[in-house]
Structures are given as C-alpha cells and as structure tokens.
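# Working through the structure, step by step
Chain by chain, the residues run as shown.
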Number of protein chains: 4
Amino acid sequence: MPRNAPPKAQTQVERRQKSEQALLDAAASLIAERGVEQTSLAKIGERAGASRGLPTHHFKSKDALVARLARRSQDRVIEATRNVFEHGEKVRDDIPALDVLRTMLDTYLELFQHPTTEERALIVMWGATFPSEASIDGMLEADQRSYDGLADLIQRGKQDGSIRCDIDARASAVAFFGMMRGVAALVLTESDFQDMHHVRSTCDAWIVGALAPTPTSDGSG
Amino acid sequence: MPRNAPPKAQTQVERRQKSEQALLDAAASLIAERGVEQTSLAKIGERAGASRGLPTHHFKSKDALVARLARRSQDRVIEATRNVFEHGEKVRDDIPALDVLRTMLDTYLELFQHPTTEERALIVMWGATFPSEASIDGMLEADQRSYDGLADLIQRGKQDGSIRCDIDARASAVAFFGMMRGVAALVLTESDFQDMHHVRSTCDAWIVGALAPTPTSDGSG
Amino acid sequence: MPRNAPPKAQTQVERRQKSEQALLDAAASLIAERGVEQTSLAKIGERAGASRGLPTHHFKSKDALVARLARRSQDRVIEATRNVFEHGEKVRDDIPALDVLRTMLDTYLELFQHPTTEERALIVMWGATFPSEASIDGMLEADQRSYDGLADLIQRGKQDGSIRCDIDARASAVAFFGMMRGVAALVLTESDFQDMHHVRSTCDAWIVGALAPTPTSDGSG
Amino acid sequence: MPRNAPPKAQTQVERRQKSEQALLDAAASLIAERGVEQTSLAKIGERAGASRGLPTHHFKSKDALVARLARRSQDRVIEATRNVFEHGEKVRDDIPALDVLRTMLDTYLELFQHPTTEERALIVMWGATFPSEASIDGMLEADQRSYDGLADLIQRGKQDGSIRCDIDARASAVAFFGMMRGVAALVLTESDFQDMHHVRSTCDAWIVGALAPTPTSDGSG
DNA sequence: AATGAATGAGACTTCATTCAT
DNA sequence: AATGAATGAAGTCTCATTCAT
C-alpha cells in the first residue's frame with residue numbers, strides 16, 4: 001500500500017455515516033413536528049434507534065447538528081428543483097431564464113403539496129432564524145447564496161430577452177424568494193388548502209405578469 | 001357598584017392594565033430578540049421592571065401570555081395599515097380594491113424598513129407556528145381572518161373593476177399574503193437590504209401586473 | 001411605620017436564611033467527604049432536606065455556592081482562634097505578638113484534632129485551589145488577608161520585643177501559614193496520628209525556636 | 001512468534017513505554033492545570049498526540065493512570081532531592097542527619113521556585129487526597145513512607161549528635177513534612193512570592209532553630 | 001497495539017408552575 | 001395585587017468505559 005490508507009477504517013466510516021444519516025433523519029422529523037427548541041438531543045437519538053448520547057457524540061453540539069441538517073435540507077431541495085432540468089447532465093444555460101424561474105417555483109410549491117418531513121423541517125428552521133439573536137449556522141449563508149443565484153438568473157433573463165429590461169434584478173429576487181418561502185410556509189400552516197393547484201398556477205401567473213416582456217409590445221404592432 | 005365605592009377603583013384597573021402593557025412590551029422585545037422558547041417568564045418580569053412572578057400572576061400561563069401578545073401585535077399591525085385610509089372614521093368602501101391592496105402591502109413593508117420590537121415579534125411568532133404540532137393560540141385564527149379578508153377584498157375588486165375577472169380570489173389571497181409575510185421575514189433576517197425602496201416598488205409592480213386588468217383589454221372595446 | 005419595612009417579609013427572609021444555612025451545612029459535609037468536584041448540587045439539596053433544585057435557586061451557580069461556603073468556613077475558623085483571646089470584648093493588642101501566634105497555631109491544630117465537617121471542608125477547598133486554572137472565589141483572597149495579618153503581627157512582635165529583630169516578617173508569615181495548613185492537612189489525611197498532643201507541642205517549640213529572641217542573650221549572663 | 005519474525009520486537013516494547021511516558025506527561029500537565037476530576041482521559045490522549053482511546057488502553061482505568069502518575073511524580077521529586085547528595089552512587093549515611101534535612105527542604109522549595117508541570121501535579125494530587133473518602137492509590141502510601149523515612153532520619157540525627165535529644169522524632173517529622181508541603185502549596189497558589197529566596201532561608205532557620213542542639217549546651221561544657 | 005464509535009449515567013443549569021406571604 | 005421561595009422536570013453537555021475494527 002503506497003499510502004497509509006487504513007484498511008479496516010472503511011467499515012468504521014460506514015458505520016459513522018450510517019449513524020449520521022439516521023440521526024439527521026430523526027432530527028428532521030422531530031424538528032418538523034415540534035420545532036428546533038422543542039426537539040431534544042435525547043429524543044433525536046431515540047428516534048434514530050440509537051442512544052441518547054449519540055447526537056452529541058457525533059455533532060459535538062446541538063447547534064452543529066441543526067446547522068448540518070439545515071445544509072442538507074437546503075441541498076436536497078435545491079437538487080430537487082435542479083433535477084427537473086438535468087435528467088442527464090444537461091445544463092440549463094440554453095433555457096430562457098424566466099422558464100427556469102417558473103419551473104423552479106412550481107417545483108418548489110409542488111414539493112410542499114405533499115411535503116416530506118425534510119421540506120417541512122427546512123421551513124421550520126427558516127422560521128427559527130427570525131429572532132434577531134438567533135442564528136442557525138448555514139441557514140442564512142445558504143439563503144444568501146440562493147438569493148444571489150436568483151439575482152444572477154434574473155439578470156441573465158434580461159439579456160436573453162425572457163425578462164423585461166426595466167426591472168431591478170436584486171429587488172425582484174427578494175420578491176421571488178419571499179413569495180416562494182412565504183407561500184410554502186402558509187401552505188404548511190393551513191393544511192386545508194386543497195386547492196394547491198390553483199395556488200401554483202396563480203403564482204406562476206404572478207411571475208409572468210411581473211417579469212415577462214409586455215405581450216402588447218410584440219403582438220400589438 | 002353599589003357598596004362602599006372604592007375611591008381609586010379606576011386606578012386599580014388602570015394599574016393592572018398598565019402592568020399588563022408593560023409585561024407585553026417586555027415580552028415582545030424578548031421574543032423579538034431570542035424567540036418564544038428562549039424567553040422565560042422570569043426575564044419578562046424583570047425586563048418589565050417587575051417581579052419574577054408577575055407574568056404568571058397576570059396571564060396564568062406562558063401560553064396565554066404569548067397568545068395575548070400575538071393578538072395585540074396583529075391588531076396593531078392591522079390597525080397601522082388601516083390608518084392610512086381612515087384618518088377620521090371614513091370607511092374604505094369607495095376606494096378601488098386594488099388600491100387598498102397596494103397600499104396595504106406598501107405600508108406593511110414600510111413598517112419593516114425600520115421595524116419596532118413588536119413587528120419583529122409578530123414575524124417571530126409566525127415562524128413559531130411552522131412546526132406541525134406547534135400552535136400559538138390566536139395566531140392562526142387571526143391569520144385565517146386576514147386571509148379571508150384579503151379574499152373578500154379581491155373578490156370585491158373583481159366587481160369594482162380594479163381587478164381582473166379571470167383570477168382566483170382565494171389563490172391570489174394566498175400569493176399576496178405569502179409574499180407580504182415572506183418578504184417581511186427576509187428583510188428582517190438579512191439586515192443588509194438597504195434598497196428597501198426598490199423592494200417596495202417591485203412588490204407593488206408585481207401586484208399590479210398580477211391583478212390589474214390588462215391595459216389592452218379595456219382599450220380594445 | 002416610619003420606614004417601608006415590609007411587615008411580612010420577615011418570615012420570607014427567615015425562610016431564605018434558614019434554607020441557606022442548611023444548604024451550606026450540607027455542602028460542607030459533602031465536600032469534606034468527597035471533594036468539591038464530586039459533590040453535586042443535587043446531593044447538596046437532598047442532604048439539606050430540600051429539593052434538588054434549591055441550591056441553584058439560592059446561589060445561582062455552584063461556583064457561587066462554594067465561594068460562599070469558603071468564606072463562611074474561613075470566618076468561622078478565624079473567629080474560633082480569636083475567641084480564645086476575646087472572651088468579653090477585650091482586644092489583644094496588649095498581648096505579646098509571639099504569644100498570639102503560638103495560641104493561634106495551637107488553637108488551629110486543636111480544631112483539627114477532632115475536626116468538624118466544616119474545618120475539613122476548609123482544607124479540602126484549599127486543596128481545590130492548587131490547580132493553576134482553578135480558583136475558588138473568596139478562598140484565595142481570604143488567604144491573602146490571613147497572610148497579610150500574620151506578617152503584620154510578626155512585624156509588631158519585633159517591636160514589642162517578643163520576636164527577634166533579625167527575621168523577615170513576610171517570609172516568616174509564609175513559613176507559619178504553610179506549616180499551619182500543611183500540618184492540618186497531614187493530620188486530616190493520616191487519621192492514625194493519635195499523638196496529636198506531641199505534634200502540637202512540637203509545632204509550638206518550632207515557633208518559639210524560630211521567632212523568640214535567643215534565650216542565651218537574656219539568661220546566660 | 002514463529003512466522004515472519006518481527007524485526008522490531010524490541011521497538012514494540014520501546015514504543016509502548018514511550019507512549020506511556022507521553023501519556024503521563026500529558027496527564028501531569030492537564031492535572032496541574034485543571035485538577036484530577038476536570039482532566040478527562042480523552043484530553044490526555046489528545047494532548048499526548050494520540051487517540052482518545054489510548055489512555056484507557058494503556059492504564060485500564062482513570063484511577064490506575066492517576067495512581068501511576070502519583071507514583072512517578074513522587075519518585076521524581078524524591079530522586080531530585082536525593083541527587084544533591086549522591087552524585088555517583090554514594091550513600092548519605094556519613095552526612096549529619098540535620099544537614100540532610102536542611103538540604104532536603106531547601107532542594108524541595110527550590111523545585112517550586114520554578115515548578116515544572118510535574119511538581120505542580122504532585123501538589124494538586126496531594127490536595128485531591130484531602131476529602132475523607134477520596135484516595136489516590138499510592139499517594140498516601142508514598143507519603144507514609146516519606147514520613148517514616150523522615151522520622152528515622154531525625155532519630156538518627158539524635159544519635160549522630162546533629163539533632164537535639166529532647167525532641168519527639170515522629171512529631172517533628174510531621175511538622176517538617178507539613179511545612180514542606182504547606183509552603184510549597186502556598187508558593188504555588190500565590191504566584192507573587194518572588195522573594196522565594198527569603199522563604200527558603202527562613203525555613204532553613206526554622207529547622208535549625210527547632211532541631212539543632214542549643215548552642216549553649218555544646219559551648220558551655 | 002491502537003483507534004474511535006457507541007453507550008448511559010450524571011453534572012450543571014433553566015424554567016414553568018405552585019404556594020406561602 | 002404582587003412577591004419570591006420552592007419544586008421537579010427537562011435540556012445540553014461531559015465523560016469513563018465497552019467494544020468492534
């Protein structure tokens with residue numbers, strides 16, 4: 001063996017990773033149900049089918065665990081919206097930016113039509129960042145990245161002609177992101193919105209109405 | 001009251017109400033800072049300049065106190081948006097519904113440009129309702145009322161001609177309410193949005209684009 | 001009532017002070033038995049005949065409780081040595097300093113012949129200050145005061161003629177204090193020193209030999 | 001082992017001993033800093049540059065490790081004081097007992113003028129034996145041996161004429177040992193005793209004054 | 001020989017609530 | 001009306017120890 005690669009570490013590492021995923025799954029479901037503060041490390045361990053002490057053992061602290069979960073949840077949601085476009089390894093650069101935005105929002109809301117425990121947990125953790133002194137590490141940074149990505153996307157749309165030129169990219173990103181999260185949270189809270197289909201198409205219409213070039217200009221001539 | 005009319009009966013009541021308001025103020029600021037769970041009754045009492053036992057004495061339980069605060073905060077915000085229209089005791093029935101919606105959203109966002117402790121507390125409490133099992137008494141009901149009011153208003157707009165006829169009133173209310181709350185929360189979290197002015201005008205444009213009758217439709221005859 | 005003396009606070013205060021003494025007594029006995037670190041707040045509460053939460057409720061933290069105990073224990077020991085001289089309110093300024101020192105040490109060691117729980121706790125807490133990062137608030141400061149008092153006393157002895165002039169007061173205070181504490185600790189540790197009587201007279205002889213003016217100078221003539 | 005004779009069999013043992021010393025060094029420094037109870041096996045392993053599990057692997061239990069360290073520390077201090085006399089393999093039988101005692105104490109205190117981590121750890125462990133139920137294996141036994149040795153030495157001094165005949169050997173041993181340890185502990189605690197030189201000469205004077213034959217007795221003849 | 005994953009007991013502390021004053 | 005003493009449950013985190021690798 002050229003390097004000091006430990007031959008048996010494989011299984012050790014496997015065990016650790018398996019535990020970690022189980023713990024994060026348990027944490028996600030508990031947080032979705034009761035919120036961050038009401039979820040104790042002991043309960044996470046128990047629901048994961050492990051000991052009460054394991055969560056601390058793995059993540060050193062509750063904050064670290066929640067931060068880890070926040071990142072994982074956001075990655076998963078982002079990946080889910082991305083998968084709509086990239087079935088193979090296709091990139092989406094050739095798709096009009098507005099279409100990307102529309103699909104993104106629609107996919108997002110579709111997720112929350114029958115939300116898994118992890119999607120709900122993501123919104124719950126978002127809610128936990130509202131107090132001024134609270135900060136879930138990784139949540140805010142990832143949000144910032146999402147917001148930056150949206151602003152870039154909108155800017156690109158202004159160049160590819162799918163988005164009107166007279167709008168403010170950054171402000172529109174805030175409006176878009178805010179509506180996405182806000183509507184998702186509302187839907188989660190009031191579980192009697194069974195007309196989710198209407199909500200989705202309405203939101204889609206809002207985006208088009210706000211960002212698409214005015215149809216009169218090209219058709220009226 | 002017939003017997004031995006207490007000379008300062010009013011003062012007694014006054015004092016009680018004064019205490020109550022002080023306690024709610026203290027609770028609002030603490031909740032805005034640290035969240036609902038991290039705010040203890042003892043700290044509320046202390047910040048209100050009273051004893052540790054007073055909050056329990058007045059509100060019987062923490063849940064009751066938070067519920068009371070939730071209602072007060074929502075009332076205040078609603079009142080703030082209403083005041084724009086009713087300087088005397090005027091009603092707003094003669095104003096086009098779309099204008100009411102636009103002003104409402106703009107006023108709301110203006111509040112969060114320099115949010116007081118109470119507005120932030122409201123959003124924090126909203127975030128606390130995201131877990132499926134959590135419920136802040138009075139929070140969801142008031143939201144439901146707000147949502148119903150919005151749906152009615154939109155419906156009215158469809159009749160007074162300020163809002164397009166082909167839109168779904170209830171779904172649009174969700175989109176409107178979601179954007180309002182979502183953008184407010186985003187602004188609260190990322191304090192570096194100093195271009196709030198752009199955000200407000202952008203949101204206004206979104207509403208107009210989504211709800212206003214298409215300019216071609218009224219001109220085409 | 002001239003002052004705002006609360007009429008019923010009396011009993012409240014009494015209750016608090018009673019609890020406090022009981023807690024400190026319990027803490028002293030537990031610390032004497034098992035040491036500072038091995039004594040838990042829960043056990044203190046239980047031994048005091050109270051709840052597990054009371055110690056924290058009273059003293060806010062374990063450190064504060066231990067600090068409080070350290071001060072009380074030192075005060076009591078100092079008072080015990082002082083009582084030998086002041087049966088009424090006599091002061092000891094007229095007693096030769098050397099005699100004061102001798103009586104002080106002898107009384108101290110006598111205490112440790114059949115040490116109460118509190119005296120042992122004092123030595124245990126002294127031992128807990130040995131780690132460089134550990135600090136029991138109040139312990140070191142009180143020790144410093146004791147040491148300063150000893151140095152002053154020795155200095156006075158050099159003036160009243162009971163102590164030789166060629167000795168260093170501060171260094172002698174260290175030797176005296178060190179021997180006092182060290183012998184006490186040794187006696188505590190090795191419980192089979194039943195010849196405590198010899199130890200006491202030996203220590204007395206050491207002091208006299210070290211500090212008294214050489215007997216040859218006055219008697220040999 | 002029959003097959004593929006390990007070429008570094010000796011290195012195996014060496015390595016083990018090297019690990020052990022590294023672990024004890026790490027333990028000594030940690031105990032000197034934070035005390036016995038606050039020192040965890042995991043931290044010892046880490047500071048020794050090894051794994052968290054190594055301390056347990058080597059010493060089976062924390063008590064065993066501490067006992068091992070106590071013995072090593074005492075051996076080293078004893079050896080240090082002994083080295084002053086035996087530069088080769090000379091024994092000290094021909095040196096007057098009082099001189100041995102004086103040198104012993106002076107060397108001891110010199111060690112604590114700039115104490116290494118191990119000397120401080122020794123005192124810390126001594127302090128950890130003060131609680132009545134606590135016992136660091138090997139600590140008390142070694143102390144007892146030291147004390148016995150001192151008593152024997154004093155007894156010998158009474159025969160070789162360097163020590164007065166009318167003193168009690170065992171009680172004097174207690175006084176000597178107590179002063180030695182007590183002054184050392186004091187010096188460790190109050191790090192501002194920079195006049196250590198005076199303390200050392202003062203202690204020396206105390207011993208001489210207490211144990212040496214009175215100058216009149218030998219000069220009067 | 002050595003690592004580190006896992007356990008479970010126990011520590012300190014916070015806190016809502018009850019109750020005497 | 002108001003205070004604050006007291007309780008006991010629960011939370012996070014530390015740690016010695018066991019065990020699989």
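Keep in mind the model is a prediction, meaning the values are calculated, not measured.

## Quick word on the overall build of chain A
Along its length, chain A carries 10 helices and zero strands. Secondary structure of chain A in N-to-C order comes out as α-α-α-α-α-α-α-α-α-α. The buried share of chain A, reckoned over its 221 residues, is 47%. When the accessible surface of chain A is summed, it comes to about 11,000 Å², and 50% of that surface belongs to carbon and sulfur atoms.

## Regarding helix α7 (residues 139-160) of chain A
Residue and element names in this part refer to chain A. Under the 1.5 Å per step criterion, the end-to-end length of α7 is 31 Å for 22 residues, consistent within 8% with the ideal 32 Å. By the burial criterion, the buried members of α7 are Met139, Ala142, Asp143, Tyr147, Leu150, Ala151, Leu153, Ile154, Gly157 and Lys158. Where the residues of α7 are buried, they touch α4 (62-83), α5 (97-111), α6 (117-128) and α8 (169-189). In the stretch just after α7, Gly161 is the one whose phi turns positive, near 85 degrees.

## Points about the protein's contact with DNA strand F
Of all residues adjacent to DNA strand F, which total 33 residues, the nearest are Ser51(B), Arg16(C), Ser19(C), Ser51(C) and His58(C). Separating a phosphate oxygen of DNA strand F from a side-chain N or O atom of Ser51(C) is a distance of 2.8 Å. With respect to DNA strand F, the side chain of His57(C) contributes an N or O atom lying 3.3 Å from a base nitrogen. Contributions of two or more residues to the surface near DNA strand F are made by α2 (41-47) of chain A, α1 (9-34) and α3 (54-59) of chain B, α1 (9-34) and α3 (54-59) of chain C together with α2 (41-47) of chain D. The greatest single-element share of the surface near DNA strand F, amounting to four residues, is contributed by α1(C).

## Overview of the packing of helix α8 (residues 169-189) of chain D against helix α9 (residues 196-211) of chain D
All names here are of chain D. Remark: α8 packs on α9, axes separated minimally by 12 Å, with the N-to-C direction vectors making an angle of 170 degrees. Taken as axis vectors, α8 and α9 run roughly antiparallel relative to one another. Of α9, the residues touching α8 (which contributes Ser172, Phe176, Met179, Val183 and Val187) are Met196, Val199, Cys203, Trp206, Ile207 and Leu211. Here the contact of α8 with α9 is composed, by residue class, of 10 nonpolar, one polar and no charged.

## What to know about the protein's contact with DNA strand E
Near DNA strand E lie 32 residues; those nearest to it are Arg16(A), Ser19(A), Ser51(A), His58(A) and Ser51(D). Each atom of DNA strand E within 4 Å of the protein was classed as base or backbone; sugar and phosphate made up 77%. The set of elements that each furnish at least two residues to the surface near DNA strand E consists of α1 (9-34) and α3 (54-59) of chain A, α2 (41-47) of chain B, α2 (41-47) of chain C together with α1 (9-34) and α3 (54-59) of chain D. In terms of residue class, the surface near DNA strand E is built from five nonpolar, 19 polar and eight charged.

## Let's talk about the interface of chain A and chain B
The partner chain B presents 50 residues to the 50 residues of chain A that form the contact. Where chain A touches chain B, the interface holds two salt bridges. One salt bridge connects Arg34(B) with Glu133(A), and the closest N-O pair in it is separated by 3.8 Å. At the boundary of chain A and chain B, one finds 10 residue pairs in polar contact (both at pLDDT 80 or more).

## Here's the deal with the relation of the copies chain D and chain C
When chain D is fitted onto chain C, the two copies agree to an RMSD of 0.2 Å after a turn of 180 degrees and an axial shift of 0.1 Å. The two molecules are tied by a two-fold rotation axis, judged by turn and shift. Of all interface residues in chain D, 100% are interface residues in chain C too; the two copies therefore contact each other through one and the same surface.

## A look at the interface of chain D and chain C
In this assembly, 50 residues from chain D lie in contact with 50 residues from chain C. Together, the buried faces of chain D and chain C total about 4,300 Å²; carbon and sulfur atoms form 68% of this surface. Area buried by chain D at its contact with chain C is led by Phe130(D), Leu186(D) and Trp206(D), which between them contribute 18% of it. The interface formed by chain D and chain C holds two salt bridges in total. Our count for the chain D to chain C interface comes out at 10 residue pairs in polar contact (both at pLDDT 80 or more). With 14 residues, the single largest contributor to the side of chain D that touches chain C is α8(D). Among the residues forming the side of chain D that touches chain C, the class breakdown is 26 nonpolar, 14 polar and 10 charged.

## Description of helix α4 (residues 62-83) of chain C
Counted at 1.5 Å a residue, the expected span for α4(C) with its 22 residues is 32 Å, and the 31 Å between its end C-alpha atoms agrees. Residues Leu65(C), Val66(C), Ala67(C), Leu69(C), Ala70(C), Arg72(C), Ser73(C), Gln74(C), Val77(C) and Thr81(C) constitute the buried set of α4(C).

## Points about the packing of α4(C) against helix α7 (residues 139-160) of chain C
Two packed helices can be described by the angle between their axes and the distance between those axes. All names here are of chain C. In the contact formed by α4 and α7, the axes pass within 9 Å of each other and the chain directions differ by 25 degrees. Relative to α7, α4 is oriented roughly parallel. The hand of the α4/α7 crossing is right-handed. Along its contact with α4, which presents Ala70, Gln74 and Ile78, the element α7 presents Met139, Ala142, Asp143 and Ser146. Across the contact of α4 with α7, the residue classes break down as four nonpolar, two polar and one charged.

## Describing the packing of aromatic side chains
For any pair of aromatic rings, the description consists of the separation of the ring centres together with the inter-plane angle of the planes. Across all of its chains, the model carries 16 aromatic pairs over all chains by this definition. Look at Phe130(A) and Phe130(B): their rings are 6.3 Å apart centre to centre, the planes differ by 85 degrees, and that puts the pair in the edge-to-face class. One end of the pair, Phe130(A), is in the loop between α6 and α7; the other, Phe130(B), is in the loop between α6 (117-128) and α7 (139-160), on a second chain. Like Phe130(A), the residue Phe130(B) is buried in the burial classification. The structure contains a cluster of three or more aromatic residues connected by ring pairs, namely Trp126(A), Phe130(A), Trp126(B) and Phe130(B).

## Details of the side chain of Arg72(B)
Residue and element names in this part refer to chain B. Among the secondary structure elements, Arg72 is positioned in helix α4 (residues 62-83). Overall, the relative accessible area of 6% leaves Arg72 in the buried class. A distance of 2.7 Å separates a polar atom in the side chain of Arg72 from a polar atom in the side chain of Asp25.

## So, the confidence of the model for chain A
In the predicted model, chain A carries a mean pLDDT of 88, and 87% of its residues have values of at least 70. Low pLDDT (under 50) marks residues 217-221 of chain A, which in the prediction has zero contacts with non-local residues, meaning those over four places away or in another chain.

## Quick word on the side chain of Thr189(D)
Assignment of secondary structure puts Thr189(D) in helix α8. In this structure Thr189(D) comes out as buried when scored by relative accessible area, which is 17%. Only 2.8 Å separates the side chain of Thr189(D) from the backbone oxygen of Ala185(D), close enough to count as a polar contact. Filtering out sequence-adjacent residues up to four positions away, Thr189(D) remains in contact with Thr129(C), Phe130(C) and Leu140(C).

Here is what the cut-offs are and how they apply
Residues numbered from 1 in each chain as written. Chains lettered and ligands numbered in written order. Predicted model: local features only at pLDDT ≥ 70, side-chain atom pairs only at ≥ 80, totals over all residues. Heavy atoms only, no water. Helix = DSSP H or I, 4+ residues; strand = E, 2+ residues; numbered from the N terminus. Buried < 20%, exposed > 50% of the residue type's maximum accessible area, 1.4 Å probe, protein only. Areas by Shrake-Rupley, 256 points an atom, 1.4 Å probe, with all protein chains shown as cover. Expected span 1.5 Å × (residues − 1). Contact = heavy atoms within 4.5 Å. Near = heavy atom within 4 Å. Polar contact = N/O pair within 3.5 Å; in protein donor to acceptor, adjacent residues only side chain to side chain. Axes fitted to C-alpha atoms, helices over the stretch in contact; angles between N-to-C directions. Parallel < 35°, antiparallel > 145°, perpendicular 65-115°, else oblique. Nonpolar A, V, L, I, M, F, W, Y, C, P; charged D, E, K, R; others polar. Salt bridge = Lys/Arg side-chain N within 4 Å of Asp/Glu carboxyl O. Least-squares fit on C-alpha atoms with pLDDT ≥ 70 in both. Buried area = accessible area lost by both parts, 1.4 Å probe. Left-handed = near helix turned anticlockwise from the far one by under 90°. Phe/Tyr/Trp six-rings, centres within 6.5 Å; stacked < 30°, edge-to-face > 60°. pLDDT = per-residue confidence, 0-100.

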